[in-house]
Every structure is written in structure tokens, then in C-alpha cells.
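# Fold and contact review
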Amino acid sequence: MTKRKILSAAHRLELLDDDMSVLVDYIEARQDDHDAAVTAGNDDEADRLAEDLERAEEKRRALEMRRTPLEQASEAEAAQAREAEGKQLSREANQRRAALVAALETAHQKAAELEAALAAVDQHAVIGWANLARRAVEHGGSVERGGLKGGRELLVKTREAGRRAAWLVDEMNRRSVSLS
């Protein structure tokens, strides 16, 4: 047993239009033949062509009656396809939003870790280190010298990360409002 391919209403409507076009061309050609037969006085041929024209017109009317339901079905299929595509696009958009939210949550966690790491090193810790180092040197001790490196780079990176995060949040909020 072979499977029949189920054609969409839009495709069936297209085939119907093709059939109607062929039938209209046939009717026009038969009408020209009928007129020529009448002009030539060939009554038998004219009668045969008139019957043929009548059958072709009946077939055209039958095809025309099938057109409206096919148009409605085609429109319904198109609406279903748009709805299905809308659902798929919604899923994709929600997945992308979830990825953005996850990235922002990760950034929040990293920022909290950075804040916690730097909380132990405040102004008082630096002053305490300087006083202790000075006293050690006064008593003949030796301390490591030199400033801390990477502070400016850290400042630039955190400032840029803050700008990106602010832009991301503002842009998502702005675009979310425009979807309403």
C-alpha cells in the first residue's frame, strides 16, 4: 500500500487555479470554434460544440464552488503556520533571555566575590600595614617594598564591566517596554 501525500490547502488552491486557467482557455477556444461553425453554417458541429461548451461551463462552476472552502482552509493553514512560528520564536527568545539572565546572575556572583575579597583590604588595612612596616624598619627589620600592581587595571575592568551590565539591564528594560 502506498502512502498518499497530503497536500496543503494552499497547494490544492494553486492546483485548482491551474485547472481553472486551463479550463478557461479551453472554453475560449471552444467558443471561437463554435462561432466559426455557426458562421460557416455547420449546424451539427455548432450543436456539438455548444454541448461541449455547456459541459465545460458546468465543470468551471463546480471548480469555482470548490474555491471558497479552499481559500478559507488556506487562510486557516497560514494562520496556524504563523502561530506555530510565533511559538517557536517565543521559545527561542525565552531561551536567549534565560541565557542573558544567567550571565547577569553570574556577574552578580563574581561582583559579590570581588567585593568580599576587597572588603578585607580597606583604608585601615593599608594604614596598619604602613605603620607596622615603618616600625619594623625602625627596629632593624626588613620588609618587602613596592606598591601593589594591577589596581588601575582592576579599576578599568570593573568600570567597563559595570558599564556593560548597566547597558544590558537598561537595554533589556527598554526593549521589554517596547514589546508591550
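Residues numbered from 1 in each chain as written. Predicted model: local features only at pLDDT ≥ 70, side-chain atom pairs only at ≥ 80, totals over all residues. Heavy atoms only, no water.

## Focus on the overall build of the protein chain
- The helix and strand tally for the protein chain stands at four helices and zero strands.
- Starting at the N terminus and walking to the C terminus, you meet the elements of the protein chain as α-α-α-α.
- Against the compact-globule benchmark of 16 Å for 180 residues, the protein chain has a radius of gyration of 42 Å, which places it well outside the compact range.
- The dimensions of the protein chain, computed from C-alpha atoms along their principal axes, are 140 × 40 × 35 Å.
- In the protein chain, of all internal contacts separated by at least 6 residues, the share reaching a separation of at least 24 is 67%. (Helix = DSSP H or I, 4+ residues; strand = E, 2+ residues; numbered from the N terminus. Rg over C-alpha atoms; globule rule 2.2 N^0.38 Å. Contact = heavy atoms within 4.5 Å.)

## Considerations on a nonpolar patch on the surface
- Residues Leu114, Leu118 and Leu154 make up a contiguous nonpolar surface patch of about 220 Å² in total accessible area.
- Looking at the element boundaries, leucine 154 is found in helix H4 (residues 151-179). (Patch = residues over 30% accessible without salt bridge, like charges linked within 9 Å, V, L, I, M, F, W, Y side chains within 5 Å. Areas by Shrake-Rupley, 256 points an atom, 1.4 Å probe, with all protein chains shown as cover. Salt bridge = Lys/Arg side-chain N within 4 Å of Asp/Glu carboxyl O.)

## A look at the packing of helix H1 (residues 9-40) against helix H2 (residues 43-119)
- Across the interface, H1 lies against H2 with an axial gap of 9 Å and an inter-helix angle of 160°. Classified by the angle their axes make, H1 and H2 are roughly antiparallel. Between H1 and H2 lies a crossing whose hand is left-handed.
- For the contact of H1 with H2, the per-class residue count stands at 19 nonpolar, three polar and 15 charged. (Axes fitted to C-alpha atoms, helices over the stretch in contact; angles between N-to-C directions. Parallel < 35°, antiparallel > 145°, perpendicular 65-115°, else oblique. Left-handed = near helix turned anticlockwise from the far one by under 90°. Nonpolar A, V, L, I, M, F, W, Y, C, P; charged D, E, K, R; others polar.)

## Details of the pattern of salt bridges
- Per the counting criterion, the structure on display carries 14 salt bridges.
- Between arginine 61 and glutamate 54 there is a salt bridge, with its nearest N and O atoms 3.7 Å apart.
- Taking relative accessible area as the criterion, glutamate 54 reaches 42% and is therefore assigned partly exposed.
- Here arginine 163 makes a salt bridge to glutamate 160, at a shortest N to O gap of 3.3 Å. Taken together, the residues span about one helical turn, with arginine 163 and glutamate 160 both in helix H4 at a distance of three residues. (Buried < 20%, exposed > 50% of the residue type's maximum accessible area, 1.4 Å probe, protein only.)

## Digging into the confidence of the model for the protein chain
- Confidence in the prediction for the protein chain averages 87 pLDDT; 96% of positions are at 70 or higher.
- The element-level mean pLDDT for the protein chain is lowest in H4, coming to 85, with H2 highest at 91. (pLDDT = per-residue confidence, 0-100.)

## Overview of the environment of aspartate 52
- Topologically, aspartate 52 is positioned in helix H2.
- C-alpha of aspartate 52 to C-alpha of aspartate 25: the two residues are 27 residues apart in sequence and 14 Å apart in space.

## Looking at H2
- Its 77 residues place the ends of H2 111 Å apart at the C-alpha level, agreeing with the 114 Å of an ideal helix rising 1.5 Å per residue.
- Burial in H2 covers these residues: Ala46, Leu49, Asp52, Leu53, Ala56, Leu63, Leu70 and Ser74. (Expected span 1.5 Å × (residues − 1).)

## Considering a negative patch on the surface
- Together, Asp25, Glu28, Asp32 and Asp35 make up a region of like negative charge exposed at the surface.
- Tracing the backbone through its elements, the reader meets glutamate 28 in helix H1. (Lys, Arg positive; Asp, Glu negative; His and termini not counted. Charge placed at Lys NZ, Arg CZ, Asp CG, Glu CD.)

## Quick word on the environment of glutamate 71
- Note that glutamate 71 resides in helix H2.
- On the basis of relative accessible area, glutamate 71 is assigned to the partly exposed category, the value being 28%.
- Sequence separation between glutamate 71 and alanine 10 is 61 residues; the distance between their C-alpha atoms is 7.5 Å.

## A few points about the side chain of aspartate 52
- Judged by its relative accessible area of 13%, aspartate 52 falls in the buried class.
- Ignoring anything within four residues of it in the chain, the contact list for aspartate 52 reads Tyr26 and Arg30.

## Digging into the side chain of histidine 34
- Looking at where histidine 34 falls in the secondary structure, it is placed in helix H1.
- Ignoring sequence-local partners within four residues, the contact set of histidine 34 consists of Ala46, Leu49, Ala50 and Leu53.

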